[in-house]
Amino acid sequence: MNINWYPGHMKKSLDTIRESMKMVDIVCEIVDARIPVSSRNPVIDDIIKNFPRLIIFNKADMADPKETKKWIEYFSKKNIEVIEYNSTRDNKTNDLYKTAKKVLTDLFEKRAAKNIQDKSIKMMIVGIPNVGKSTFINNVSKRKGAKVGNRPGVTRTNQWIKTSSDLMLLDTPGVLWPKLELHDNGRNLAFTGSIKDEILNIEDLAFDFLKYMQKNEPKKLESRYDIDTNKETIEIMDEIAKKTGSISRNQEIDYFKVSNIIFDDFRKLRIGRITLEKVEDFE
């Protein structure tokens, strides 16, 4: 099964990102700490190439801290600076500036050699839809300068945002790539809500999620729903449906309802902090 979701504005957004790189000193890529690989658009990665960059591990409070530590070490080996972040609570403007300045050591040395007293840093913020990019910007800037929504693809135009430090942020629209297969990357994006639930078969997606949890996080599944994860996946889904009242009037399983409950539980941390991608699978 393939996911085809590539609104017309997204191609234009990629072209805008390319042009905007001429105006900035560094690119800050926002990724979902639960899916550090799937939430990185390979098209954007190709555009950035060797341009100065850093990565924000957003939603770190939703990911397994042990796995996050491994991922930070992974990117460190690639000489990419990473900052853990929780956009709904953290305000690490100073940390962001210091880290960016560290990455831009050459730029500041050149300014110093020319006796230029310019401490400003122009940073472009990029990321896929619904990764928390706009919320991150609003939090860092302490203002409501970027539109925020709980649906993918809210930000449509580039906009400059000031912060309390010598940091200027350039917001850009979230961009997915043209075609995703509903395996690995596409599946993980769908699990975390970066792809609209409305365009997917949520029942099949919930089944895949439960199958993943059976194999990788059975104890968390058992703890949340008090079930036996040694059963067949469909039996587990049926049992969760009964426990959550997802039964129709004629006493049949309401798979649509139970699927929504499962994802609501996952996305609101009721099942626990889960990292869907492990470093070991990519090294």
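About the criteria used
Residues numbered from 1 in each chain as written. Predicted model: local features only at pLDDT ≥ 70, side-chain atom pairs only at ≥ 80, totals over all residues. Heavy atoms only, no water. Phe/Tyr/Trp six-rings, centres within 6.5 Å; stacked < 30°, edge-to-face > 60°. Helix = DSSP H or I, 4+ residues; strand = E, 2+ residues; numbered from the N terminus. Buried < 20%, exposed > 50% of the residue type's maximum accessible area, 1.4 Å probe, protein only. Core = buried A, V, L, I, M, F, W, Y, C linked by side-chain atoms within 4.5 Å. Pairing = 2+ DSSP bridges. Axes fitted to C-alpha atoms, helices over the stretch in contact; angles between N-to-C directions. Contact = heavy atoms within 4.5 Å. Polar contact = N/O pair within 3.5 Å; in protein donor to acceptor, adjacent residues only side chain to side chain. Salt bridge = Lys/Arg side-chain N within 4 Å of Asp/Glu carboxyl O.

Attention now moves to the packing of aromatic side chains. One pass over the structure, following the stated rule, counts 10 aromatic pairs. Their ring planes at 85 degrees and their centres at 6.0 Å tell us that Phe57 and Phe75 sit as a pair that is edge-to-face. Here the residue Phe57 occupies a position in strand E3 (residues 53-58), and Phe75 occupies one in helix H3 (residues 65-77), the gap between them amounting to 18 residues. Neither Phe57 nor Phe75 differs from the other in exposure class; each is buried. Geometrically, the ring pair formed by Tyr85 and Phe136 is edge-to-face, given 4.9 Å between the ring centres and 75 degrees between the ring planes.

Turning our eyes to something else, we now look at the nonpolar core. By size, the foremost hydrophobic cluster in this structure holds 50 residues, and its most contacted members are Ile56, Leu96, Met123, Phe136 and Phe209. Looking at which element gives the most residues to this core, the answer is helix H8 (residues 202-216), with 7 residues.

Attention now goes to the sheet that holds strand E7 (residues 167-171). As summarised here, the arrangement of the 6 strands in space is E4-E3-E2-E5-E7-E6, forming an open sheet in which the pairing is mixed. With one partner strand each, in any of the chains shown, strand E4 (81-84) and strand E6 (159-162) form the two edges of the open sheet. If you compare each strand with its neighbour and ignore which way they point, the axes differ by 30 degrees on average. Judged from the 5 bridges that link them, strand E5 (residues 121-126) and E7 form a sheet pairing that is parallel.

Within the fold, Ser141 resides in helix H6 (residues 133-141). On the accessibility criterion, Ser141 (8% relative accessible area) is buried. In contact with Ser141, not counting residues within four places along its chain, are Ile161, Lys162 and Thr163. Reaching out from Ser141, the side chain makes a polar contact with the backbone oxygen of Ile137 at a distance of 2.7 Å.

Turning our eyes to something else, we now look at the side chain of Asp32. Within the element layout of this structure, Asp32 appears in strand E2 (residues 26-32). Here Asp32 falls in the buried class, since its relative accessible area comes to 1%. When sequence neighbours within four positions are dropped, the list of residues in contact with Asp32 reads Ser39, Asn58, Lys59, Val131 and Thr192.

Time to look at unusual backbone geometry. When glycine is set aside, most residues are seen to have a negative phi, and most peptide bonds are trans. Backbone geometry at Asn130 places phi at a positive 65 degrees, although glycine is not the residue there. When you line up the elements, Asn130 lands in the loop between E5 and H6. Since its relative accessible area comes to 22%, Asn130 is described here as partly exposed. Positioned with a positive phi, Leu269 is a non-glycine residue whose angle comes to about 65 degrees. Note on Leu269: relative accessible area 32%, which makes it partly exposed.

Before going further, it helps to spend a moment on helix H10 (residues 233-243). Among all positions of H10, only Thr233, Ile236, Met237, Asp238, Glu239, Ile240 and Ala241 are buried. Where H10 is buried, its residues contact H8, helix H9 (218-225) and helix H11 (255-267). Immediately beyond the C-terminal end of H10, within one or two residues, lies Gly245, with a positive phi of roughly 75 degrees.

With that settled, consider the pattern of salt bridges. Scanning the entire structure with this criterion turns up 19 salt bridges. Here Asp171 ties to Lys133 by a salt bridge, and the two come within 3.0 Å at their closest N and O atoms. With a gap of 38 residues between them, Asp171 in strand E7 and Lys133 in helix H6 connect regions that are remote in the sequence. Each of the two residues, Asp171 as well as Lys133, counts as buried. The partner of Asp265 in a salt bridge is Arg270, and the shortest N-O contact between them spans 2.9 Å. Here Asp265 falls in the buried class, since its relative accessible area comes to 4%. Arg270 sits in the partly exposed class, given a relative accessible area of 37%.

Here Arg53 shows up in strand E3. Judged by relative accessible area, which is 11%, Arg53 ranks as buried. One polar contact links Arg53 to Asp45, side chain to side chain, over a distance of 2.9 Å. When residues no more than four places from it in sequence are discounted, the contact partners of Arg53 are Ile26, Val27, Glu29, Arg40, Asp45, Ile48, Ile80 and Val103.

For helix H7 (residues 185-192), the tally of buried residues reaches 7 of 8 residues, placing the bulk of the element in the interior. Listed as buried for H7 are Gly186, Arg187, Asn188, Leu189, Ala190, Phe191 and Thr192. Just past H7, the residue Gly193 takes up positive phi, approximately 90 degrees.

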